[in-house]
Amino acid sequence: MWWWILIWVLLFVAALVALGLVGWRVVRRGIALGRELATSAETVSRETSALRAASEHFRPEPSVLVDPDAAPDPRRRRDRRGRGHHAARRARRSRA
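One structure accompanies this document, and this report is about it. Quick caveat: nothing in here was measured; it's all calculated off a predicted structure. (Residues numbered from 1 in each chain as written. Predicted model: local features only at pLDDT ≥ 70, side-chain atom pairs only at ≥ 80, totals over all residues. Heavy atoms only, no water.)

Attention now moves to the overall build of the chain. Of regular secondary structure, the chain possesses 2 helices and 0 strands. Taken across its 96 residues, the chain has 0% of its residues classed as buried. As displayed, the chain has an accessible area near 9,800 Å², and 64% of this comes from carbon and sulfur atoms. (Helix = DSSP H or I, 4+ residues; strand = E, 2+ residues; numbered from the N terminus. Buried < 20%, exposed > 50% of the residue type's maximum accessible area, 1.4 Å probe, protein only. Areas by Shrake-Rupley, 256 points an atom, 1.4 Å probe, with all protein chains shown as cover.)

On the surface, a cluster of nonpolar side chains totalling about 1,100 Å² of accessible area is made up of Met1, Trp2, Trp3, Trp4, Leu6, Ile7, Trp8, Leu10 and Leu11. By secondary structure assignment, the location of Leu11 is in helix α1 (residues 2–55). Taking the relative accessible area as the measure of exposure, Leu11 reaches 49% and is therefore partly exposed. (Patch = residues over 30% accessible without salt bridge, like charges linked within 9 Å, V, L, I, M, F, W, Y side chains within 5 Å. Salt bridge = Lys/Arg side-chain N within 4 Å of Asp/Glu carboxyl O.)

Laid out in structure tokens, this is it:
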């Protein structure tokens, strides 16, 4: 009857060893993931600082800064009919 106890103890120890090995693999993968995240964070930080340095010298077009609720400049006429319309209009004027 004592050998049953020995079998159960061996099974319990084998289960502990298997769980320990699986746990160690998870810890190693977690450490590798931490290293990858650190490398990625350094890359993103470096690229962000490069973009920030490049954007310091950027000057947007003045039209971007115009208030959209402001009245349009009366000196500037916007015709949305396109260039072909103007050419046809000039041709009609020259015939008349």
